[in-house]
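# Results of the structural survey
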Amino acid sequence: MLGYSRQPVISLRGVCFEYAHGGFSLNVGELTVASGTRAAAIGPSGSGKTTLLNLISGIERPGSGEVSTAGVRVDRLSSAGRRSFRITTIGFVFQEFLLLEYLDVLDNILYPYRLHPELRLDASVRSRARQLASDLGLAELLARRPSELSQGERQRVAIARALVTAPSLILADEPTGNLDPATKQQALDLLFEQCEARSTTLLMVTHDHGLLDQFAQIVDVEALGPAEA
């Protein structure tokens, strides 16, 4: 994982993207997010917030422009290369949690290690997963299935899963949208605490402007501006 510095973990320049079926495009003249920064992406529905995360992570490739994430030009990678990069470098937290019911909590946390041979599941990784679970208040729940957990507990499992690979970057897409206000702030506090402890960069999509004073950088997707000619 990258140590704390002011070097950008996210850098987009002159990016133009349009879905093949048309009807939506996203242009980014310039965007940088420095290492260790806690940033929020805002904008109305349909403005391209999730698309921005997809470009940063290499799920989508721009038609033109440069996308660098953790020092890697992801726009230049092959499809297989971008998938490998996502699994080994980025942690994801989603609104729907996306936990697997056939796995218990511990194996859900460790799930990224099932996805790529470069991630070796050894005793140190299991120890890290158990420590994350303890830090997030899940130590007594490791043998349970997701259906046996509360919404807040499921979100904490999702946060632990995102952090278990010691990623340089966490991308979170409305991660508290399904939580009640009290549980929402608790989950956010845990996410912020864990990212800060590891100097992990966080970019989080949110519609809740009441949360914005908790972020060091605000990315207004509508105001990113067109790519320069």
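Scroll up for the structure.
Residues numbered from 1 in each chain as written. Predicted model: local features only at pLDDT ≥ 70, side-chain atom pairs only at ≥ 80, totals over all residues. Heavy atoms only, no water.

## Observations regarding the overall build of the chain
Looking only at helices and strands, one finds 7 helices and 9 strands in the chain. Relative to the compact-globule value of 17 Å for 229 residues, the chain shows a C-alpha radius of gyration of 17 Å, a close match. For the chain, the C-alpha atoms occupy an extent of roughly 55 × 40 × 40 Å along the three principal directions. The 229 residues of the chain split such that 51% are buried. Long-range pairs, those at least 24 residues apart, make up 72% of the contacts in the chain with a sequence separation of at least 6. (Helix = DSSP H or I, 4+ residues; strand = E, 2+ residues; numbered from the N terminus. Rg over C-alpha atoms; globule rule 2.2 N^0.38 Å. Buried < 20%, exposed > 50% of the residue type's maximum accessible area, 1.4 Å probe, protein only. Contact = heavy atoms within 4.5 Å.)

## With respect to the sheet that holds strand 5 (residues 72-73)
Spatial ordering of the open sheet is given by 2-1-4-5, a layout of 4 strands whose pairing is antiparallel. The open sheet has two free edges, formed respectively by strand 2 (25-34) and strand 5, since each of these has just one partner strand. Note that strand 1 (residues 8-18) and strand 4 (residues 64-69) share 5 bridges and pair antiparallel. Across the sheet, residue Ile10 finds its bridge partner in strand 4, namely Thr69. Its contacts with the sheet put helix 1 (residues 49-57) on strand 1, strand 2 and strand 4, and the angle it makes with strand 1 is roughly 115 degrees. (Pairing = 2+ DSSP bridges. Axes fitted to C-alpha atoms, helices over the stretch in contact; angles between N-to-C directions.)

## Describing the layout of surface pockets
Of the voids in this model, the largest pocket is the one considered here, and its volume is about 440 Å³. If you trace the largest pocket, you find 16 residues lining it, with Ile87, Phe92, Phe94, Pro112 and Leu115 closest to the centre. Of all the elements in the fold, those that place two or more residues in the lining of the largest pocket are helix 2 (79-89), strand 6 (90-94), helix 4 (112-115) and helix 6 (151-163). It is strand 6 that contributes the most residues to the lining of the largest pocket, 4 residues altogether. (1 Å grid on protein atoms, 1.4 Å probe; cavity = no way out; pocket = protein on both sides within 12 Å on 5 of 7 lines; lining within 4 Å. Points joined across faces, edges and corners; volume = space filled by probe spheres on them.)

## So, the sheet that holds strand 8 (residues 201-205)
Across a sheet, paired strands are connected by hydrogen bonds in the backbone, their directions being either parallel or antiparallel. With respect to topology, 5 strands assemble into an open sheet ordered 6-7-8-3-9, the strand pairing being parallel. Each edge of the open sheet carries a strand with a single partner, namely strand 6 and strand 9 (217-220). Shown here is a sheet whose adjacent strand axes are inclined to one another by a mean of 20 degrees, direction ignored. As judged from the 5 bridges shared by strand 6 and strand 7 (residues 169-173), these two strands associate in the parallel manner. By the bridge assignment, Ile90 is partnered in strand 7 with Leu169. The strands touched by helix 2 within the sheet are strand 6 and strand 7, with strand 6 carrying the most contacts at an inclination of about 80 degrees.

## Some remarks on the packing of aromatic side chains
In total, this model carries 4 aromatic pairs according to the counting rule given. Both rings, one in Phe92 and one in Phe94, keep their centres 5.8 Å apart while their planes meet at 0 degrees; by these two values the pair is stacked. On the accessibility criterion, Phe94 (27% relative accessible area) is partly exposed. Measuring from centroid to centroid gives 5.4 Å for Phe192 and Phe215, while their planes differ by 85 degrees, and the two rings are edge-to-face. (Phe/Tyr/Trp six-rings, centres within 6.5 Å; stacked < 30°, edge-to-face > 60°.)

## Things to note about the pattern of salt bridges
Counting across every chain of the model gives 4 salt bridges. Taking the shortest distance from any N to any O, the salt bridge between Glu30 and Arg13 comes out at 2.7 Å. With Glu30 in strand 2 and Arg13 in strand 1, this pair connects stretches of sequence that are 17 residues apart. A salt bridge links Glu66 to Arg73, with the shortest nitrogen-to-oxygen separation between them at 3.9 Å. (Salt bridge = Lys/Arg side-chain N within 4 Å of Asp/Glu carboxyl O.)

On their own, these measurements won't tell you what the molecule is for.
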